[in-house]
Structure formats: structure tokens, C-alpha cells
Amino acid sequence: EKCGLLKLFNINELNNKDLNYNLIQSKVMENGNFENFVFSYSSSFFKTDIECDLKENHSSGFVNGAILSQNNQHHEVKTNIKHIGQTTKSYQKIKSVLKKNSKAIFQGKIYVDKNAQKTNGYQLSKALLLDKNSEFDSKPELEIYADDVKCSHGSTSGSLDENSIFYLMSRGLAREDAKKILIKGFLTDAIETITNNEIKKFIFKKLEKNLYEYR
């Protein structure tokens, strides 16, 4: 019985003036599992292309990520997950926080072959815009040729909830500290998808450090 597991973690922490481009291609065979997590908080330009082919039955692919962007940075995640085998599963969750004229893009595609019955595909992208000069673009796409499938996608963007900020300030927190707590909670939802506990703790430490410097 075939079975394989690959966990890939991509942390973008280059210098602020650097350009960072990644291409990740994976082919997942029977009972295989591909997990990819992206954490991006640096570089003036960052883009990662993730191509995942679920080639055989009972294969699965998980693509999740967190983006913390500011100061004219451009961060982009593009995914293309192809369901080819039967009873395959994919899950995608990308969360972005943007301010100071920064931009984030999520372009995600789920393709379901005509023979890929019992496919289960999920995709979600959310963004917090902390000022009027930042921009979030989302392009979810479903291309389905089988009839026995469960596929969904969603995308939202908005600002921090002022009521939540006021509540935390009423408990003695300064406004900036209250905002950072809410930002951490927003991104935690994506980081919690990491299945390796040591890596998860490492990512949370990176997030804490960068939130402290996120002014």
C-alpha cells in the first residue's frame, strides 16, 4: 500500500529590499499527504507558486499561510491544486494583514478532473486592511468536471473591529497593544493548521517578534 508524507515550511525573512520568488511542484500518489505552510513578513517583493497534483486515490494537499506586510511590500501566493485521483482532499487557508501602502494577492485554483469522484476541496482567503492605502486582491477559481464533489471557496477583507479594540482598551491595554492582540488572533487561525508542534511554536515566536516591530 502506497503512503507518503511531505511537510514543507516556507519562511520569508529576507531583507526588506530583496526579491523572493519560489516555485513548488508536488505530485501526490496513493494515500500520500502534502502539507505546505507559508509565512511571509519581509522582502519588498515576495511571490510563491504552489502546484499540487493529487494524482492517485486518497491523496491530499494542504496549503496554508500567513502574511504580515507593510511599507510598500508586495506579497503574493498563487496555488493550483488538481484533483485527479478519486476520494482526494485539499484544504487552503491564507490570511493577510496589510498596512502602509502594502499589497497582498491570493490567486487560488481548484481543478477537479472528470474521474475525480468524491473530491473534497476547500479554499479560504481573508485579509485585514489597517489603512486606506493598502490593497488585497483575491481570485478564487473552481474548475469542476466531476459530479460527486464537495468544493467551496470564500474570500473576505475588512478592518479591525473597533468594538473589540475598545473592549481591550477598557481592560487597561494601550490602543496599539490591543490592535496587535487582535492581529495575532486573526493570523493564529492559519498558524494553527500546522501539524508539527515544534514548527508551530517556532512560527508563533517569529510572529511575536515581528508584531513587536510592526509599527
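Residues numbered from 1 in each chain as written. Predicted model: local features only at pLDDT ≥ 70, side-chain atom pairs only at ≥ 80, totals over all residues. Heavy atoms only, no water.

### Focus: helix H3 (residues 197-212)
Note the cut-off: Each helix corresponds to a stretch of at least 4 residues labelled H or I by DSSP, and each strand to a stretch of at least 2 residues labelled E; elements are numbered beginning at the N terminus. Working rule for helices: expected span equals 1.5 Å times residues minus one. When a residue's accessible area, from a 1.4 Å probe over protein chains only, is under 20% of the maximum for its type it is buried; when over 50% it is exposed; and in between it is partly exposed. Working note: the arc is built from the helix axis to C-beta atom directions.
The end-to-end C-alpha distance of H3, which contains 16 residues, comes to 23 Å, matching closely the 22 Å that a straight helix rising 1.5 Å per residue would cover. Within the span of H3, buried status applies to Lys 200, Ile 203, Phe 204, Lys 206, Leu 207, Asn 210 and Leu 211. For H3, the angular spread of buried residues about the axis comes to 160°, placing them on one side. Seen from the buried face of H3, the exposed residues on the opposite side, beyond 90 degrees, are Glu 198, Lys 201, Lys 205 and Tyr 212.

### Some points on the pattern of salt bridges
Once the charged atoms of two side chains with opposite charge are near each other, the side chains can pair. Basically, it comes down to this: Whenever Lys or Arg places a side-chain nitrogen within 4 Å of a carboxyl oxygen from Asp or Glu, that contact is recorded as a salt bridge.
Taken as a whole, this structure holds 13 salt bridges when the rule is applied. The salt bridge partner of Lys 109 is Glu 143, with a shortest N-O separation of 2.8 Å. Of the two residues, Lys 109 is situated in strand S8 (residues 103-112) and Glu 143 in strand S10 (residues 135-144); the sequence distance between them amounts to 34 residues. Two residues, Glu 192 and Lys 200, come together in a salt bridge whose shortest N-O distance is 3.3 Å. Lys 200 sits in the buried class, given a relative accessible area of 14%.

### Remarks on the nonpolar core
How we decide: To form a nonpolar core, buried Ala, Val, Leu, Ile, Met, Phe, Trp, Tyr and Cys residues must be joined to one another through side-chain atoms within 4.5 Å.
The biggest cluster of nonpolar side chains holds 21 residues, and the ones touching the most others in it are Leu 68, Val 97, Ile 183, Leu 187, Ile 191 and Leu 207. Listed by contribution, the elements that provide at least two residues to this core are strand S3 (33-40), strand S5 (60-69), helix H1 (162-170), helix H2 (175-191) and H3. Residue contributions to this core peak at five residues, all from H2. Core analysis: the second largest hydrophobic core is formed by ten residues, Ile 24, Phe 34, Cys 52 and Val 63 among them.

### Points about H2
What sets the pattern is the α-helix's 3.6 residues per turn: residues three or four places apart point alike. Put simply, the rule reads: Should any heavy atoms of two residues lie within 4.5 Å, those residues are considered in contact.
With 17 residues, H2 extends 24 Å between its outermost C-alpha atoms, agreeing within 8% with the 24 Å of an ideal straight helix rising 1.5 Å per residue. Residues of H2 that are buried: Ala 178, Lys 179, Lys 180, Ile 183, Phe 186, Leu 187, Thr 188, Ala 190 and Ile 191. Contacts from the buried residues of H2 go to S3, S5, strand S7 (89-98), strand S9 (119-129), H1 and H3.

### Quick look at the state of the cysteines
Rules: Counting rule for disulfides: a pair of cysteine sulfur atoms within 2.5 Å.
The final tally for this structure, using the stated rule, is zero disulfides. Cysteine Cys 151 remains unbridged, with the sulfur of Cys 52 as its closest cysteine sulfur at 14 Å. With relative accessibility at 21%, the residue Cys 151 sits in the partly exposed group.

### Points about the packing of H1 against H2
As a reminder of what qualifies: Fitted lines through C-alpha atoms serve as axes, helices being fitted only where they are in contact, and the angles separating the N-to-C directions of these axes extend from 0 to 180 degrees. Note that the term roughly parallel is reserved for angles under 35 degrees, roughly antiparallel for angles over 145, roughly perpendicular for angles of 65 to 115, and oblique for everything else. Each helix crossing is assigned a hand: it is left-handed if the near helix lies turned anticlockwise from the far helix by less than a right angle, otherwise right-handed if that turn is clockwise. When residues are sorted by character, Ala, Val, Leu, Ile, Met, Phe, Trp, Tyr, Cys and Pro go into the nonpolar class, Asp, Glu, Lys and Arg into the charged class, and all the rest, Gly among them, into the polar class.
Viewed as axis vectors pointing N to C, H1 and H2 meet at an angle of 120°, and their least axial separation amounts to 9 Å. One way to sum up the angle between H1 and H2 is to call them oblique. In this structure, the crossing between H1 and H2 has a hand that is right-handed. Taking contact as the criterion, the partners of Glu 162, Ser 164, Ile 165, Leu 168 and Met 169 in H1 are, on H2, Arg 175, Ala 178, Lys 179, Ile 181 and Leu 182. Partitioned by chemical class, the residues of the contact of H1 with H2 number six nonpolar, one polar and three charged.

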